[in-house]
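Chains, contacts and geometry: an overview
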Amino acid sequence: QVQLVESGGGLVQPGGSLRLSCAASGFTFSIAPMGWYRQAPGKEREFLAAISSGGYTNYADSVKGRFTISRDNAKNTVSLQMNSLKPEDTAVYYCNAVTTRWALRYEYWGQGTQVTVSS
(Lines give C-alpha, C1' and ligand atoms only; values in the text may rest on other atoms or scores of the structure.)
Protein backbone atom coordinates (compact mmCIF):
# COMPACT_ATOMS: atom_id res chain seq x y z
CA GLN A 1 0.00 0.00 0.00
CA VAL A 2 1.12 3.53 -0.78
CA GLN A 3 2.13 5.59 2.22
CA LEU A 4 3.23 9.21 2.39
CA VAL A 5 4.20 10.58 5.79
CA GLU A 6 4.96 14.28 6.22
CA SER A 7 7.03 15.72 9.04
CA GLY A 8 8.73 18.95 10.01
CA GLY A 9 5.78 21.27 10.50
CA GLY A 10 5.44 23.60 13.44
CA LEU A 11 5.24 27.19 14.62
CA VAL A 12 7.65 29.73 13.15
CA GLN A 13 7.93 33.51 13.18
CA PRO A 14 7.44 35.62 10.04
CA GLY A 15 10.65 35.68 8.05
CA GLY A 16 11.73 32.34 9.46
CA SER A 17 12.46 29.05 7.75
CA LEU A 18 11.18 25.51 7.96
CA ARG A 19 12.02 22.28 6.16
CA LEU A 20 9.30 19.70 5.52
CA SER A 21 10.02 16.09 4.66
CA CYS A 22 7.88 13.33 3.17
CA ALA A 23 8.76 9.66 3.52
CA ALA A 24 7.30 7.53 0.73
CA SER A 25 6.74 3.79 0.46
CA GLY A 26 4.62 1.28 -1.42
CA PHE A 27 5.47 2.34 -4.98
CA THR A 28 8.44 2.89 -7.26
CA PHE A 29 9.44 6.28 -5.94
CA SER A 30 12.24 6.97 -8.41
CA ILE A 31 9.91 7.22 -11.43
CA ALA A 32 7.03 9.06 -9.77
CA PRO A 33 6.48 12.81 -10.00
CA MET A 34 6.11 14.28 -6.52
CA GLY A 35 4.60 17.47 -5.23
CA TRP A 36 3.69 19.65 -2.29
CA TYR A 37 0.30 21.27 -1.72
CA ARG A 38 -1.27 23.20 1.12
CA GLN A 39 -4.74 23.97 2.37
CA ALA A 40 -5.67 26.86 4.63
CA PRO A 41 -8.99 27.02 6.52
CA GLY A 42 -11.82 27.98 4.18
CA LYS A 43 -9.68 27.67 1.07
CA GLU A 44 -9.17 25.06 -1.62
CA ARG A 45 -6.08 22.91 -1.72
CA GLU A 46 -3.33 24.89 -3.43
CA PHE A 47 -0.47 23.62 -5.59
CA LEU A 48 2.95 24.73 -4.38
CA ALA A 49 5.71 22.80 -6.09
CA ALA A 50 6.40 19.68 -8.12
CA ILE A 51 9.47 17.71 -9.09
CA SER A 52 9.74 15.17 -11.90
CA SER A 53 11.53 11.85 -11.79
CA GLY A 54 14.40 13.55 -13.60
CA GLY A 55 14.63 16.39 -11.11
CA TYR A 56 12.89 19.16 -13.05
CA THR A 57 10.91 21.52 -10.82
CA ASN A 58 7.87 23.75 -11.11
CA TYR A 59 6.58 26.30 -8.58
CA ALA A 60 3.47 28.31 -7.94
CA ASP A 61 3.98 32.06 -8.23
CA SER A 62 3.08 32.52 -4.57
CA VAL A 63 6.15 30.60 -3.40
CA LYS A 64 8.61 31.03 -6.27
CA GLY A 65 11.96 32.20 -4.97
CA ARG A 66 11.10 31.30 -1.37
CA PHE A 67 10.40 27.55 -1.45
CA THR A 68 12.59 24.80 -2.90
CA ILE A 69 11.49 21.25 -3.61
CA SER A 70 13.99 18.41 -3.78
CA ARG A 71 14.04 14.62 -3.77
CA ASP A 72 16.38 11.89 -2.62
CA ASN A 73 15.63 8.72 -4.55
CA ALA A 74 18.04 6.68 -2.43
CA LYS A 75 16.00 7.50 0.67
CA ASN A 76 12.53 7.69 -0.94
CA THR A 77 11.99 11.19 0.38
CA VAL A 78 10.88 14.53 -0.98
CA SER A 79 11.52 17.77 0.88
CA LEU A 80 10.27 21.33 0.84
CA GLN A 81 12.62 24.03 2.10
CA MET A 82 10.59 27.09 3.04
CA ASN A 83 12.28 30.44 3.58
CA SER A 84 11.02 33.97 4.24
CA LEU A 85 7.79 32.61 5.64
CA LYS A 86 4.74 34.85 5.84
CA PRO A 87 1.57 34.60 7.94
CA GLU A 88 -0.36 33.76 4.77
CA ASP A 89 1.75 30.60 4.46
CA THR A 90 -0.13 29.19 7.45
CA ALA A 91 -1.82 25.97 6.31
CA VAL A 92 -1.74 22.21 6.42
CA TYR A 93 0.94 21.02 4.00
CA TYR A 94 0.48 17.80 2.05
CA CYS A 95 2.85 15.56 0.15
CA ASN A 96 1.56 14.21 -3.18
CA ALA A 97 2.59 11.33 -5.42
CA VAL A 98 1.38 10.65 -8.96
CA THR A 99 1.34 7.38 -10.85
CA THR A 100 0.05 6.74 -14.37
CA ARG A 101 -1.50 3.47 -15.46
CA TRP A 102 -3.44 2.87 -18.69
CA ALA A 103 -3.68 6.61 -19.40
CA LEU A 104 -5.22 7.28 -15.99
CA ARG A 105 -3.69 9.38 -13.23
CA TYR A 106 -3.67 8.12 -9.68
CA GLU A 107 -2.86 10.57 -6.90
CA TYR A 108 -1.89 9.75 -3.34
CA TRP A 109 -1.73 12.08 -0.36
CA GLY A 110 -0.12 12.13 3.02
CA GLN A 111 -1.93 12.99 6.24
CA GLY A 112 -0.60 16.55 6.25
CA THR A 113 1.54 18.56 8.63
CA GLN A 114 0.54 21.89 10.17
CA VAL A 115 2.63 24.98 9.49
CA THR A 116 1.78 28.10 11.47
CA VAL A 117 3.56 31.40 10.80
CA SER A 118 2.86 33.89 13.57
CA SER A 119 4.61 36.32 15.86
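Our structure is the block above this text.
The structure contained in this document is the topic of the report that follows. Small disclaimer: the values here were computed from a predicted structure and weren't measured.

Another aspect to go through is the environment of Y93. With respect to the helices, strands and loops of the structure, Y93 is situated in strand β9 (residues 91-101). By relative accessible area, Y93 is classed as buried at 0%. In this structure, the C-alpha to C-alpha distance between Y93 and S7, residues 86 residues apart in sequence, is 9.5 Å. Sequence-distant contacts of Y93, defined by excluding residues within four places in its chain, comprise E6, L20, W36, Y37, R38, L48, F67, L80, M82, G112, T113 and V115. Separated by 3.0 Å, the side chains of Y93 and R38 make a polar contact.

A complete count under the given rule lists three aromatic pairs for this structure. Taken together, a centroid distance of 6.3 Å and an interplanar angle of 50° make the contact between F27 and F29 tilted. You can call F27 buried: its relative accessible area is 17%. Ring plane angle 75° and centroid distance 5.5 Å describe the contact between Y37 and F47, whose orientation is recorded as edge-to-face. Taken as a pair, Y37 in strand β4 (residues 34-39) and F47 in strand β5 (residues 46-51) lie far apart in primary sequence, ten residues in all. Here Y37 falls in the buried class, since its relative accessible area comes to 18%. One aromatic cluster in this structure is built from Y37, F47 and W109. Over the face of the ring belonging to F29 we find R71, whose NZ or CZ atom lies 4.5 Å from the ring centre. When the ring centre of Y106 is taken as reference, the NZ or CZ atom of R101 above it lies at 5.1 Å.

Calculation criteria
Residues numbered from 1 in each chain as written. Predicted model: local features only at pLDDT ≥ 70, side-chain atom pairs only at ≥ 80, totals over all residues. Heavy atoms only, no water. Helix = DSSP H or I, 4+ residues; strand = E, 2+ residues; numbered from the N terminus. Buried < 20%, exposed > 50% of the residue type's maximum accessible area, 1.4 Å probe, protein only. Contact = heavy atoms within 4.5 Å. Polar contact = N/O pair within 3.5 Å; in protein donor to acceptor, adjacent residues only side chain to side chain. Phe/Tyr/Trp six-rings, centres within 6.5 Å; stacked < 30°, edge-to-face > 60°. Lys NZ or Arg CZ within 6 Å of the ring centre and 35° of its normal.

Geometric values such as these leave the question of function open.
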